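In case you want the letters, here they are:
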Amino acid sequence: MTLFRQLMLTIFILLSFVLMVVMAINFKTTKDYLVEQLRSTTQDTATSLSMQVSDFMALEDYASVESSLNAVFDSGYFSKVRVHVYDTDSDVERSNQTVIQGVPAWFINSIDFEVPTAKAVVSNGWNELGQIYVTGSAGYGYFQLWNATRGLLLSFLIIGLVTIAVGWVMIRWLFKPLAEVEKQAEAIQQRKFVRMEKLPKTRELKSVVQSMNRMAEKLEKEFEAEAETAQWLQAKAFKDPVSGLGNRNFFDSQIKAHFSDADRVVDGLLLVSLADLGRLNNERGYEATDLFIRSSADIIQSQVSLSSAEAVLARLGGADFIVLLPNIDLDRLKHFVDETIAALHELASSRISYSESVANIGAVLIDQADDRSAAMAQVDAALRAAKTAGSNQVRVFDSEAGDDLAIGRMAWRDMLETAIESSSFTLRKQKVSGLDDLDNVFHEEIYASLEHEGKQYHAGYFIGLAEQFDLGDQVDQVIIKRVLAYLDQEKSSAQLAVNLSASAYAKPSFVAWLDVLLEGLSQDIKSKLAFEISEQSVLSTEDHSFLLVQTLKRHKVTFGIDNVGKQFSAFQYLQTLMPDYVKVDPSYTKMAVGEDAESFFMHTLCKMFGSLNIQVIATGVETTSQIDELKRFDIVSVQGYAIGRPQEMVIQ
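Residues numbered from 1 in each chain as written. Predicted model: local features only at pLDDT ≥ 70, side-chain atom pairs only at ≥ 80, totals over all residues. Heavy atoms only, no water.

### A closer look at the sheet that holds strand β8 (residues 359-367)
Quick note on the threshold: Here, any two strands with at least 2 DSSP bridges between them count as paired. Helix numbering and strand numbering both begin at the N terminus, where a helix is a DSSP run of H or I of at least 4 residues and a strand a DSSP run of E of at least 2. Geometry is summarised by axes, namely lines fitted to C-alpha atoms with helices restricted to the contacting stretch, and by angles between N-to-C directions that run from 0 to 180 degrees.
One open sheet accounts for 5 strands, arranged β6-β7-β5-β8-β9; its pairing is mixed. Edge positions in the open sheet fall to β6 (312-317) and β9 (394-397), since each of these has one partner strand only. Across this sheet, the average inter-strand angle for adjacent strands is 15°, counted without regard to direction. Note that strand β5 (residues 266-274) and β8 share 9 bridges and pair antiparallel. The residue of β8 that forms the bridge with L271 is G362.

Structure representation (structure tokens):
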């Protein structure tokens, strides 16, 4: 029960008690007054009647005595009037049965009203001739007492209601700052560090509000300090200071995690080498050299962002950049290389490069059979071949797997449209288990794939094309519907997590569709759903991400962010989106179980997420020894082949 209700209940009880006491006192006073008034009336009547009939009784005119008695009886509220004559030892009396009208029976039965009887001696001179007895009527007393009680009760009810209404308004007004403090506390719990600008006038509440404001300010500074520390450590360890891209350490950690993924199919690996960097530095200075490097990095990054959301870009040092393009075919790889070299060549016209010779690019298509060292050797050979061919030349080496998997763009469009129309995407699920109890399933992440001519293509391979064809939202809708069909069919107890593409939730129509869909689901089904978006998509579409999150939170659906830490960005978006959980990029999982210098960054990340009450999930966990090592950190759950491989979902 709220404090407001407790105070209102206390006021009601105290007011009721006071009114009951006052009413009891007034009731007794009124009753005593009526009894005394009736006693006085009966006594006056008896005395007056004795004087009237004294002469008649001396003459023994009992008929006149009876007439006087009747006159008195009819003029007042009496139940009985009796005259006792001494000479004849007889009585002259008049009485009737008491009839009480307008008074409830329960009131009469519950009230013991004392009816007085008055008496007076009839005398003539010194002779006593008889005695008169006058008994009052209880009906009059009950009637007057009932009217007085009813009026008093009605007045008290009106007073009580008015008092409670005024008290409700006054207490609500006094509690308004306290309600704001409650909202502030809830906001702080969600790590939204709001402060109350308007201070209440009540001294105690003012002190509470000031304390809350100081606490919010302190927590905000602590979070900002943790975020800045994490960002600084990330940049120090993995960011190239000149280009702003990842450095060699960053690329090594990313490519290790990527090559350990058994689901990878065909990837593109590129080396971009800038020309005449030494001459530029010697003749124009380091500022011109840094400008050339930064401009080249911006161009390559722009091309990468247009090609793949999962790409990894880094500067290896000196004049060399490296790009990993997951899930790409030979035609798309060649197109990317041609577009990149054309964009880089524009630096010559702006005189940023040393000469018309700007760069060489070597690229290779690798499949799951190629290990990391073989892939690096192949791409290095491709770059040497490009340099041998001359300035601004490129070379793209393919593989048999690349040729086999290469499908034309229009063929892919037809495949995707057919799959959307027939809902023929294959779904798999992989367990995410609690770190301390692997049998406790946190949720199961959904993976989609598409089969064509006996070959299976994972979502990472075709989702980029789907976004290019503006089909990303339709693909996500089909997958969500199939997940709901699975929940209806299997009555799964585990929560199922669905990844949403940026092109889908960036459309208001998709978010509106999802809102309507969730509105029609039971809370039990919604509790078994979770939606994830990647950190990169958050950074590129933060406004759209916020609208999506608001929709999910309104329906009490779990929300998470995937691949956290892969991008070089501040973590302030966490305060805006407040996800229920984050999945740390697999590269950091591998570093966490490495040297202390590398694992310190994971400690910082987990501490920052913990301060926001965000659960941390480590991904890419491949061995049981990694699980044991991860217990040193504030990690809730783990995901990877050490926990379980993806299992196919049978949907009828």
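Let us keep going from here.
### Notes on the confidence of the model for the protein chain
Basically, it comes down to this: Every residue is assigned a pLDDT by the predictor, reflecting its confidence on a scale from 0 to 100. Contacts are assigned to residue pairs that have any heavy atoms within 4.5 Å of one another.
Scored by pLDDT, the protein chain comes out at a mean of 82, with 91% of its residues at no less than 70. Note on residues 401-405: pLDDT under 50 across the span, and 12 contacts to partners over four residues away in sequence or across chains.

### Observations regarding the packing of aromatic side chains
Stated precisely, the cut-off is as follows: Note on ring pairs: Phe, Tyr and Trp rings are taken, using the six-membered ring of Trp, and paired if centres are within 6.5 Å. Classes follow the plane angle, with under 30 degrees stacked, over 60 edge-to-face and the rest tilted. The buried label goes to any residue with under 20% of its type's maximum accessible area, the exposed label to any with over 50%, and the partly exposed label to all in between, with areas taken from a 1.4 Å probe on protein chains only. Geometrically, a charge over a ring is one whose NZ (Lys) or CZ (Arg) sits within 6 Å of the ring centre while staying within 35 degrees of the ring normal.
If you walk through the whole model with that rule in mind, you get 2 aromatic pairs. Ring centres of F442 and Y581 lie 5.7 Å apart, and the angle between their planes is 90°; on these two criteria the pair is classed as edge-to-face. Here Y581 lies in strand β16 (residues 581-584) and F442 lies in strand β11 (residues 441-452), a separation of 139 residues in the sequence. Judged by relative accessible area, Y581 falls into the buried class, the value being 0%. Here R645 stacks its cationic end above the ring of Y641, 4.1 Å away from the centre of that ring.

### A few points about unusual backbone geometry
Although it is not a glycine, K556 sits at a positive phi angle of roughly 60°. Tracing the backbone through its elements, the reader meets K556 in the loop between α19 (542-554) and β15 (558-564). Notably, N563 is not glycine yet its phi reads approximately 55°, a positive angle. Classification of N563 as buried rests on a relative accessible area of 18%.

### Digging into the nonpolar core
Quick reminder of the rule: What is meant by a nonpolar core is a set of buried Ala, Val, Leu, Ile, Met, Phe, Trp, Tyr and Cys residues, joined one to another through side-chain atoms within 4.5 Å.
Within the largest apolar cluster, 93 residues are counted, with the highest numbers of intra-cluster contacts made by W412, L574 and F609. Looking at which element gives the most residues to this core, the answer is helix α14 (residues 472-490), with 8 residues. Counting 38 residues, the second largest nonpolar core, distinct from the first, contains V272, A319, V337 and L347.

### Quick look at the pattern of salt bridges
Applied cut-off: Salt bridges, as used here, are contacts in which a Lys or Arg side-chain nitrogen is within 4 Å of a carboxyl oxygen on Asp or Glu.
This structure, assessed with the given rule, holds 13 salt bridges. In this structure, D240 engages R315 in a salt bridge whose closest nitrogen and oxygen atoms are separated by 3.2 Å. Remark: R315 occurs in strand β6 and D240 occurs in the loop between α5 (203-238) and α6 (248-259); sequence separation between them is 75 residues. For the pair formed by D240 and R315, the shared burial category is buried.

### Focus: empty space enclosed by the protein
Under the convention used in this document: A cavity here means a set of 1 Å grid points, computed over protein atoms only, where a 1.4 Å probe fits but cannot escape. A pocket is an open set with protein on both sides within 12 Å along at least 5 of 7 lines, and lining residues have an atom within 4 Å of a point. Grid points are joined across faces, edges and corners, and a volume is the space filled by probe spheres set on the points. Under the scheme applied here, ten amino acids are nonpolar (Ala, Val, Leu, Ile, Met, Phe, Trp, Tyr, Cys and Pro), four are charged (Asp, Glu, Lys and Arg), and all others, including Gly, are polar.
One pass over the structure, following the stated rule, counts 1 cavity of 30 Å³ or more. Roughly 50 Å³ of internal volume is contained in the largest cavity. If you trace the largest cavity, you find it lined by A309, E310, S534, E535, Q536, N563, K566 and Q567. Tallied by class, residues from the lining of the largest cavity come to 1 nonpolar, 4 polar and 3 charged.

### Describing the side chain of T589
Structurally, the position occupied by T589 is in helix α21 (residues 586-592). The buried category is assigned to T589, whose relative accessible area is 0%. Setting aside residues no more than four positions away along its own chain, T589 makes contact with V584, M602, A618, T619, G620, V621 and L630.

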